[in-house]
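Tertiary structure, described
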Amino acid sequence: MSEEQINSYRLTSMEEPTDEMLAYIMREAAEDARTSNEAALKKYFEEIAEMRKKYAEKQ
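For the structure given in this document, a descriptive report is provided here.

Analysis parameters
- Residues numbered from 1 in each chain as written.
- Predicted model: local features only at pLDDT ≥ 70, side-chain atom pairs only at ≥ 80, totals over all residues.
- Heavy atoms only, no water.
- Phe/Tyr/Trp six-rings, centres within 6.5 Å; stacked < 30°, edge-to-face > 60°.
- Salt bridge = Lys/Arg side-chain N within 4 Å of Asp/Glu carboxyl O.
- Helix = DSSP H or I, 4+ residues; strand = E, 2+ residues; numbered from the N terminus.
- Buried < 20%, exposed > 50% of the residue type's maximum accessible area, 1.4 Å probe, protein only.

A complete count under the given rule lists one aromatic pair for this structure. Note on Tyr 44 and Phe 45: the rings are 5.1 Å apart at their centroids and 75° apart in plane angle, and the pair reads as edge-to-face.

Given below as structure tokens:
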């Protein structure tokens, strides 16, 4: 299945996606979620490190 066919499919369509389309969509969603989660986790620990540094400077 071509990427053009995958990109042209809309989940709001009345036709069911093929197994191949659904697998591709789910893979893409999982990759987006993983990337987003990694970025959020990195930002979280950077903010904690910054707060710890500011707290140490006050002591």
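Now that the structure is up, let's keep going.
Another aspect to go through is the pattern of salt bridges. Enumeration over the complete set of coordinates arrives at two salt bridges. In this structure, Arg 34 and Glu 31 form a salt bridge, with 2.5 Å as the shortest nitrogen-oxygen distance. Taken together, the residues span about one helical turn, with Arg 34 and Glu 31 both in helix α2 (residues 19-58) at a distance of three residues. What makes Arg 34 partly exposed here is its relative accessible area of 40%. Among the residues examined, Glu 31 registers a relative accessible area of 37% and is labelled partly exposed. Residues Glu 38 and Arg 34 are paired through a salt bridge, measuring 2.6 Å at the closest nitrogen-oxygen approach. Taken together, the positions of Glu 38 and Arg 34, both in helix α2 and four residues apart, correspond to about one turn of that helix. Exposure remark for Glu 38: the relative accessible area of 45% places this residue in the partly exposed category. Three or more residues joined by partner-sharing salt bridges are found here, namely Glu 31, Arg 34 and Glu 38.

Coordinates in, geometry out; function isn't part of it.
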